[in-house]
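Structural characterization, general
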Amino acid sequence: MSTHAGDPLADLDSGLVERLARKAQAGRWGLDARDFAAALRRSAAHRFSGRQPSAAEVGQYLESLHLEDLALACACARGSEPAWEHFVREFRPIILRIASRGQQAGRARDVADSVYAELYGLDEREGARRSLFDYFHGRSSLAGWLKAVVAQRLVDQARAARRFEPLPEEEASPAGLPGAPALELDPDRERFLRLVRHAMAGALAGLDARDRLRLSLYYAQEMTLAAVGRVLGESEATSSRKLERTRGTLRAAVERRLRDVERLTDAQIHECFEHARTDPAFDVQEVR
Amino acid sequence: MSTSQERDADVDRLLRAVVKPAPRSVPGDCPDAGLLAAFVEGGLTATEQSALEAHIADCGRCQETLAVLSHDLPDEAVDDAAVETVVPETRWFTWVTRPRLRWLVPISAAATVAVVFFATRPLIAPESDEVVPADVVQMAQAPPTPPAALTSAGVDTLREKQAAVPEKRDADAAIRREDAAKSLAVPAPPAAPASEVQADVAQAGRGGLEKAPADPAAGRMAVRVASEEKRTQPAAEPMRAMPATPQAREELLRLEPVATVTAAPDGMVRWRFGPGGRIWRSTDAGSTWHGQPTDVPADLVAGSAPSPTTCWAVGTGGVVLLTVDGQRWTQLPFPLRVDLAAVQATNDRIATVTTRDGRRFETLDAGLTWSPKL
């Protein structure tokens, strides 16, 4: 029965819910229709947070969900035994596998066990068990969501650990190391470096977010082209081609600024690139 | 004065120096696991996708999360490059599959089969489970194609053919090799379309990374040019030896070998390396190949063989492998967990490896210790 007349998020069409429950095979896990409807509502509320969607939008969104996975997660959160048996058989290996991708192999099991415990719902609030499954909204596959959950835990652990580690030797500036070759004294060097920094920072800032993301994944995260392509839904060939294009765009933008704004000659532009390339401390983030 | 290509290479080097992991890592700002998972699975709306890209482009935490996830994603991304370049063929296919023209399909298929049969009949090698003959090597012995194939127009045609082939794996493997080549400290090859194929062939002639042609005609041409190169540079003539049996070919293509190494000094022993720690060895100059087991999951990208029984191989994640008997491989400790791009070995104790970002490390004691090499 409707309690919020006209609110498509609160008043899901019962026919739609029934149809989605059938599609999700919710009956397999003995999942109560009200529980499944609540999961759908939660998912829609999360998706349309902060605005009021139309009934058609809500219907379209719910149809697009990974309904079978949502039903399984919902049933697990409600403690269904057959659902848990299925989950343990099909998904626990995925958790362990992705946990082993972390940089600290010894902690893989800990991370996996911790996530597993949260899925079961060790956290009790107001007398009710709160399961991590409640945060699965069916927008991705359950396997994909589990991987992302574990990956975020691994990254958080690694970042926390890095805060307490001394900087690796390789991060130190070679210029500051004893025995490092003395930099050639060139009166224009500092000016040229400053100009390239500004030009490159401006060029990077002018890129599309997707191009900047591709650059970061490739250069900062040192992912292979194949991996970048997998993450961005592109083929390896496309990632390569687009990176190439971005590099060309950056080069053109830097040269244009140096030539048109800074009034440098071609020879000076060449010197700028040369100085920037050979300067061990060159870092565009200084000017960001 | 630097050329345009040199400046492109400079930009690549600059980016390696300046694009650092973003420091931002406020968990509250980051998308939840559900959104990230939907992002990599392509389940977001265009608006959501753009918003997430804008966040992740500046967020170190999310980038690192994607890096972890990338290892476990299926390699089944839509090959939009192939889609783009195959547009004319797609239109042709749409046209020919209209109901009233469907009768053309079986006739065309039969004609294609006949042409392929007659064109390749002398080249078909006996099938064997153990031995994998190399029909590309045999193709090199086929009558040469007309010189016109090497004109600029011919090269353009070849490039179009390569681009139009919807076999993602060939393109991906070629790009991976290109990527590995670019990772070395040498300047990037010229980007001009007409010279690219020649540059690739010349690179193969130097015994470096090979670039596999996407179709038999391209293969014939590349091999022929390679053999011409060989006259002036007799050191090596790496070729992509494709097995004749469908199962073996399928397996080889699936594994995407990325580098071939010719052993010194006789040139008869060669190694081939691929993803997932795969290694093959040939003792007859690449005519037949035999797999060699390793326990590493890394993608092997390069090798160096100072003798017929000694070979070093390097790959992603700082993996360095060594065999001293030509059969069994041992993983050597390497201090950094970085992707390696190249190795140059002097013997079974001395070798220099190059990381993807251009740093070089040398060992003088078979990998027990490594020191930076300037």
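Since the model is a prediction, treat every value here as computed from it, not as a measurement.

This part is about the overall build of chain A. When you go through chain A residue by residue, the secondary structure sums to 13 helices and two strands. Counting only residues that meet the buried cut, chain A has 48% of its 288 residues in that class. Within chain A, counting contacts between residues at least 6 apart in sequence, those at least 24 apart form 66% of the total. As displayed, chain A offers around 14500 Å² of accessible surface, 49% of which is attributable to carbon and sulfur atoms.

Once that is clear, we can look at the packing of helix H9 (residues 189-205) of chain A against helix H12 (residues 236-261) of chain A. Residue and element names in this part refer to chain A. The contact between H9 and H12 brings their axes to 9 Å, and the two run at 130°. Viewed along their axes, H9 and H12 adopt a mutual orientation that is oblique. For H9 against H12, the interelement crossing comes out right-handed. Residues Leu195, Val196, Ala199, Met200, Ala203 and Leu204 of H9 form the contact with H12, whose own contacting residues are Leu250, Ala253, Val254, Arg257 and Leu258. Tallied by class, residues from the contact of H9 with H12 come to 10 nonpolar, no polar and one charged.

Turning our eyes to something else, we now look at the packing of helix H4 (residues 67-77) of chain A against helix H5 (residues 81-90) of chain A. Residue and element names in this part refer to chain A. Two numbers describe how H4 lies on H5: the axes approach to 8 Å, and their chain directions differ by 120°. Two packed elements cross with a definite hand, and for H4 against H5 that hand is left-handed. Taken together, the residues of H5 that come into contact with H4 (itself represented by Leu72, Ala75 and Cys76) are Ala83, Trp84, His86 and Phe87. For the contact of H4 with H5, a count of residues per class yields six nonpolar, one polar and no charged.

This brings us to the packing of aromatic side chains. Centre distance and the angle of the planes are the two values used to describe a pair of aromatic rings. Residues and elements named next belong to chain B. Throughout the structure, instances matching the rule amount to 13 aromatic pairs over all chains. Ring geometry for phenylalanine 273 against tryptophan 329: centres 6.1 Å apart, planes inclined by 85°, an arrangement best described as edge-to-face. Taken together, the positions of phenylalanine 273 in strand E2 (residues 270-273) and tryptophan 329 in the loop between strand E7 (320-323) and strand E8 (330-332) put the pair 56 residues apart, joining distant regions of the chain. For the pair shown, phenylalanine 273 and tryptophan 329 are each scored as buried. Ring geometry for phenylalanine 334 against phenylalanine 361: centres 5.7 Å apart, planes inclined by 90°, an arrangement best described as edge-to-face.

Bringing the side chain of arginine 212 of chain A into the picture now. Examined against the element boundaries, arginine 212 of chain A turns out to sit in helix H10 (residues 209-220). Judged by relative accessible area, which is 18%, arginine 212 of chain A ranks as buried. When neighbours within four sequence positions are excluded, arginine 212 of chain A is seen to be in contact with Leu204 and Leu207 of chain A together with Ala57 and Asp58 of chain B.

Taking 1.5 Å of rise per residue, the 26 residues of H12 of chain A would be expected to cover 38 Å, and the 37 Å separating its terminal C-alpha atoms lies within 8% of that figure. Arginine 263 of chain A sits one or two positions beyond H12 of chain A and adopts a positive phi of about 60°.

Right, let's get into the pairing of strand E9 (residues 340-345) of chain B. All names here are of chain B. With five of six residues buried, E9 is to be regarded as a mostly interior element. Pairing between E9 and strand E10 (residues 351-355): five bridges, direction antiparallel. Paired with leucine 340 across the two strands is threonine 355, which belongs to E10. Taking the residues that link successive antiparallel strands as the turn, the E9-E10 hairpin has five residues.

All names here are of chain B. If you walk across this open sheet you meet the four strands as E9-E10-E11-E12, and the pairing is antiparallel. Each having just a single partner strand, E9 and strand E12 (371-372) make up the two edges of the open sheet. Here strand E11 (residues 360-363) pairs with E12 via two bridges, running antiparallel. Paired with phenylalanine 361 across the strands is proline 372, a residue of E12.

This part takes up the environment of alanine 276 of chain A. Tracing the backbone shows alanine 276 of chain A in helix H13 (residues 266-278). Sequence-wise, alanine 276 of chain A and leucine 193 of chain A are 83 residues apart; in three dimensions their C-alpha atoms are separated by 5.8 Å.

Residues and elements named next belong to chain B. On the basis of which strands lie adjacent, the open sheet formed by four strands has the order E5-E6-E7-E8 and antiparallel pairing. Each edge of the sheet is formed by a strand with only one pairing partner; in this case those strands are strand E5 (300-304) and E8. Ignoring strand direction, the axes of neighbouring strands in this sheet form an average angle of 30°. Two elements, E5 and strand E6 (residues 311-315), share four bridges in a ladder whose sense is antiparallel. When the sheet's bridge partners are listed, alanine 302 is paired in E6 with valine 314.

Residue and element names in this part refer to chain A. Taken together, the buried positions of H5 are Ala83, Trp84, His86 and Phe87. One face of H5 carries all of its buried residues, which in axial projection span an arc of 160°. When the buried face of H5 is taken as reference, the exposed residues oriented beyond 90 degrees from it are Glu81 and Arg89. Sitting at the head of H5, serine 80 places a side-chain oxygen 3.3 Å from the backbone nitrogen of alanine 83.

Our next topic: the environment of leucine 322 of chain B. Residues and elements named next belong to chain B. Looking at the element boundaries, leucine 322 is found in strand E7. The spatial distance from the C-alpha of leucine 322 to the C-alpha of serine 304 is 9.6 Å, given a sequence separation of 18 residues. Filtering out sequence-adjacent residues up to four positions away, leucine 322 remains in contact with Thr310, Cys311, Trp312, Arg328, Trp329, Thr330, Leu332, Asp348 and Ala366.

Residues and elements named next belong to chain A. Under the definition given, this model contains 27 salt bridges over all chains. Among the ionic pairs, arginine 34 bridges to aspartate 32, the shortest N-O distance being 3.3 Å. A residue is classified by how much of its surface remains accessible, and arginine 34, at 66% relative accessible area, is exposed. Look at aspartate 32 and you get partly exposed, because its relative accessible area is 32%. A network of salt bridges, in which partner residues are shared, links Asp35, Arg42, Arg78, Arg130 and Asp134.

Turning our attention to the confidence of the model for chain B. Detailed reading of the predicted model is not advised wherever pLDDT is low. Residue and element names in this part refer to chain B. The share of residues in chain B with pLDDT of 70 or more is 45%, and the mean pLDDT across the chain is 61. Averaged pLDDT values over the elements of chain B bottom out at 32 in helix H8 (residues 135-140) and peak at 93 in helix H2 (residues 33-41). Note on residues 252-257: pLDDT under 50 across the span, and 28 contacts to partners over four residues away in sequence or across chains.

We now examine the confidence of the model for chain A. Residues and elements named next belong to chain A. Looking at chain A, the pLDDT average stands at 82 and 82% of residues meet or exceed 70. Predicted confidence in chain A is weakest over strand E1 (residues 123-125), with a mean pLDDT of 64, and strongest over H4, with 95. Taken together, the stretch residues 1-5 has pLDDT below 50 and engages in five contacts with residues farther than four places along the chain or on a different chain.

Take the state of the cysteines next. Residue and element names in this part refer to chain A. Applying the stated criterion across every chain, the model contains zero disulfides over all chains. No disulfide involves cysteine 74; its nearest neighbouring cysteine sulfur is the one of cysteine 76, lying 9.5 Å away. When its relative accessible area of 5% is taken as the criterion, cysteine 74 is described as buried.

Cut-offs applied
Residues numbered from 1 in each chain as written. Chains lettered and ligands numbered in written order. Predicted model: local features only at pLDDT ≥ 70, side-chain atom pairs only at ≥ 80, totals over all residues. Heavy atoms only, no water. Helix = DSSP H or I, 4+ residues; strand = E, 2+ residues; numbered from the N terminus. Buried < 20%, exposed > 50% of the residue type's maximum accessible area, 1.4 Å probe, protein only. Contact = heavy atoms within 4.5 Å. Areas by Shrake-Rupley, 256 points an atom, 1.4 Å probe, with all protein chains shown as cover. Axes fitted to C-alpha atoms, helices over the stretch in contact; angles between N-to-C directions. Parallel < 35°, antiparallel > 145°, perpendicular 65-115°, else oblique. Left-handed = near helix turned anticlockwise from the far one by under 90°. Nonpolar A, V, L, I, M, F, W, Y, C, P; charged D, E, K, R; others polar. Phe/Tyr/Trp six-rings, centres within 6.5 Å; stacked < 30°, edge-to-face > 60°. Expected span 1.5 Å × (residues − 1). Pairing = 2+ DSSP bridges. Arc of directions from axis to C-beta. Polar contact = N/O pair within 3.5 Å; in protein donor to acceptor, adjacent residues only side chain to side chain. Salt bridge = Lys/Arg side-chain N within 4 Å of Asp/Glu carboxyl O. pLDDT = per-residue confidence, 0-100. Disulfide = S-S within 2.5 Å.

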